[in-house]
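Chain residues, written in single-letter form:
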Amino acid sequence: MNQTAISQRRLLGIAGLGWLFDAMDVGMLSFLMAALQKDWNLTAEQVGWIGSVNSIGMAVGALLFGLLADRIGRKKVFIVTLLLFSIGSGLSALTTTLATFLALRFLIGMGLGGELPVASTLVSEAVPAKDRGRVVVLLESFWAGGWLLAALISYFVIPAYGWRTALWLAAIPALYAIYLRLRLPDSPRFAAARKEETVWKNIIHVWSAPYRKETVMLWLLWFCVVFSYYGMFLWLPSVMVMKGFSLIKSFEYVLIMTLAQLPGYFSAAWLIERAGRKFVLVAYLLGTALSAYFFGTAESLAALMASGIFLSFFNLGAWGALYAYTPEQYPTSIRATGAGMAAAFGRIGGIFGPLLVGSLVAQGVSVTAIFTLFCLSVLVAVLAVAVLGSETKQQELA
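Residues numbered from 1 in each chain as written. Predicted model: local features only at pLDDT ≥ 70, side-chain atom pairs only at ≥ 80, totals over all residues. Heavy atoms only, no water.

1. With respect to the pattern of salt bridges
Next up, step 1: Tallying each qualifying case throughout the model produces nine salt bridges.
Next up, step 2: For arginine 74, the salt bridge goes to aspartate 70, with nearest N and O atoms at 2.8 Å. Each member of the pair arginine 74 and aspartate 70 is classed as buried.
Next up, step 3: In this structure, glutamate 328 and arginine 277 form a salt bridge, with 2.7 Å as the shortest nitrogen-oxygen distance. Of this pair, glutamate 328 sits in the loop between helix 16 (301–325) and helix 17 (335–362) while arginine 277 is found in helix 15 (residues 277–297), placing the two residues 51 residues apart along the sequence.
Next up, step 4: Overlapping salt bridges, with partners in common, bring together Asp70, Arg74, Glu125 and Arg335 in one network. (Salt bridge = Lys/Arg side-chain N within 4 Å of Asp/Glu carboxyl O. Buried < 20%, exposed > 50% of the residue type's maximum accessible area, 1.4 Å probe, protein only. Helix = DSSP H or I, 4+ residues; strand = E, 2+ residues; numbered from the N terminus.)

Structure (structure tokens):
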């Protein structure tokens, strides 16, 4: 095996484990919301705020740390964000009030929101053009591993030992951050790039004429995808409860649905260097929209499980393509800024998604109507890519 392949695998493993811990935290949140609702007697609106405050933090973190990554480097920001959400997870296990829990979820969200675009930018810049899309989708596939861990912890730990124990387990990445500091190489492109522009000039550059169309496309794409993802997936265990299943059974069924994320990622990784970024995004987002519609209208357990499995397969495959596609829209000098700003705008959708579901559920709106709304949101993302997006398969980064 040549040195380049070894280096790629090492980078993918190091960045991917950070990604996995991120996903474990977000994944557990969907199960924690269902557990906290019972433990603290929360209303649907209060539960919605847990997911939304997390997304507010992610929006702030994506913007702030994206800007910082173009100034001080990808590696330093990656480590800071990992520490932030790890320590926040440990402290949140000690909370006794919703207000304190929400405050810590904001800090955790900042770490999560900053880490994801910065890590994908780092990997994009360190991998040759012919492998870049596949490797970034494989990086995103660690998200499925994190969700799977979250589902396993939630299924086996929360019912037996309580949600606080589950949160302690999510704090483990704080130790891993020390290892990252010694082992993770920074982006060679960042090290070679001239960093003369100010943060404000970088922001303006993202919206300048050469990149305006790409920025509009990415902001629409990110908003619609994040809005629908967090609206649907953070509420999956709760929706299963609303459809008449016990909390334990809902955890079990969501665990099964989560397994479908892995083939979703791997199929997208295989296709992305063959069919291109646009094809994978459009095809997998269309699959997401159809699955969301059928999940909302499903009445039998078989229909719920089948549509839920396809929802996980297509949605997470689309996420992999999204993270591969986003950094390729900008040159090195503004890459993390552009990716961070797009992700930050997307997180605004993540704020409204869970809140909207909580509000609509409280008003007695059917699950069918709610998931139809998410179906329409994903279709807007499809149009944005199809009309405004350009193919970046195997193009060298500027």
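2. Notes on the domain arrangement of the chain
Next up, step 1: Segmenting the chain into domains produces domain 1 (1–186) and domain 2 (197–397).
Next up, step 2: Here the C-alpha centre of domain 2 lies 17 Å away from the C-alpha centre of domain 1.
Next up, step 3: With 55 residues of domain 1 at the interface, the matching set in domain 2 holds 61 residues.
Next up, step 4: Together domain 1 and domain 2 conceal approximately 4900 Å² of surface at their shared face, both sides included; 73% is due to carbon and sulfur atoms.
Next up, step 5: The tally of links from domain 1 across to domain 2 stands at two salt bridges.
Next up, step 6: Glutamate 125 serves as the salt-bridge partner of arginine 335, at 2.8 Å between the closest nitrogen and oxygen.
Next up, step 7: On inspection of domain 1 and its partner domain 2, the count reaches nine residue pairs in polar contact (both at pLDDT 80 or more).
Next up, step 8: Going through the elements one at a time, helix 1 (3–39), helix 2 (44–72), helix 4 (98–126), helix 5 (129–156) and helix 6 (158–161) are the ones with two or more residues in the side of domain 1 that touches domain 2.
Next up, step 9: Counting residues per element, the side of domain 1 that touches domain 2 draws most heavily on helix 5, at 19 residues.
Next up, step 10: Partitioned by chemical class, the residues of the side of domain 1 that touches domain 2 number 31 nonpolar, 13 polar and 11 charged. (Domains from an automatic or database assignment. Contact = heavy atoms within 4.5 Å. Buried area = accessible area lost by both parts, 1.4 Å probe. Polar contact = N/O pair within 3.5 Å; in protein donor to acceptor, adjacent residues only side chain to side chain. Nonpolar A, V, L, I, M, F, W, Y, C, P; charged D, E, K, R; others polar.)

3. Here's the deal with the packing of aromatic side chains
Next up, step 1: Summed over the entire model, instances satisfying the criterion amount to 21 aromatic pairs.
Next up, step 2: Geometrically, the ring pair formed by tyrosine 284 and phenylalanine 313 is stacked, given 5.9 Å between the ring centres and 20° between the ring planes. Taken as a pair, tyrosine 284 in helix 15 and phenylalanine 313 in helix 16 lie far apart in primary sequence, 29 residues in all.
Next up, step 3: Look at tyrosine 284 and you get buried, because its relative accessible area is 5%.
Next up, step 4: Connected via pairs of aromatic rings, a cluster forms that spans Trp207, Trp219, Phe223, Phe227, Phe295, Phe345, Phe371 and Phe374. (Phe/Tyr/Trp six-rings, centres within 6.5 Å; stacked < 30°, edge-to-face > 60°.)

4. Details of the nonpolar core
Next up, step 1: Core analysis: the biggest nonpolar cluster contains 125 residues, and Ile50, Trp143, Leu221, Trp222, Leu285, Trp319 and Phe371 have the highest contact counts within it.
Next up, step 2: At 18 residues, the largest contribution of residues to this core is made by helix 1.
Next up, step 3: Residues from two domains meet in this core; each of domain 1 (1–186) and domain 2 (197–397) gives at least three.
Next up, step 4: Core analysis: the second largest hydrophobic core is formed by six residues, Ala69, Val77, Met110 and Ala336 among them. (Core = buried A, V, L, I, M, F, W, Y, C linked by side-chain atoms within 4.5 Å.)

5. Comments concerning unusual backbone geometry
Next up, step 1: A positive phi is found at asparagine 41, a non-glycine position, where the angle reads about 55°.
Next up, step 2: Along the chain, the position of asparagine 41 falls in the loop between helix 1 and helix 2.
Next up, step 3: Classification of asparagine 41 as exposed rests on a relative accessible area of 66%.

6. Considerations on helix 10 (residues 199–206)
Think of an α-helix as turning once every 3.6 residues; residues three or four places apart then point the same way.
Next up, step 1: Restricting attention to buried positions, one finds in helix 10 the residues Asn202, Ile203 and Val206. Seen from one end, helix 10 has its buried residues packed into an arc of 100°, which puts them on one side.
Next up, step 2: Of the surrounding elements, those touching the buried residues of helix 10 are helix 2, helix 11 (212–233) and helix 17. (Arc of directions from axis to C-beta.)

7. Thoughts on empty space enclosed by the protein
Next up, step 1: Inspection of every chain in the model, using the stated rule, returns one cavity of 30 Å³ or more.
Next up, step 2: Of the voids in this model, the largest cavity is the one considered here, and its volume is about 60 Å³.
Next up, step 3: In this structure, the largest cavity is lined by Leu116, Glu140, Trp143, Tyr229, Tyr230, Leu316, Trp319, Tyr323 and Arg347.
Next up, step 4: Looking at the lining of the largest cavity, its residues break down into seven nonpolar, no polar and two charged.
Next up, step 5: Here the lining of the largest cavity spans two domains, since at least three of its residues come from each of domain 1 (1–186) and domain 2 (197–397). (1 Å grid on protein atoms, 1.4 Å probe; cavity = no way out; pocket = protein on both sides within 12 Å on 5 of 7 lines; lining within 4 Å. Points joined across faces, edges and corners; volume = space filled by probe spheres on them.)

8. Points about the environment of serine 92
Next up, step 1: The topology assignment puts serine 92 in helix 3 (residues 74–92).
Next up, step 2: With 76 residues separating them in the primary sequence, serine 92 and tryptophan 168 have C-alpha atoms 8.6 Å apart.
Next up, step 3: Dropping the residues within four chain positions of it, serine 92 is found in contact with Phe101, Leu104, Ile108, Trp163 and Leu167.

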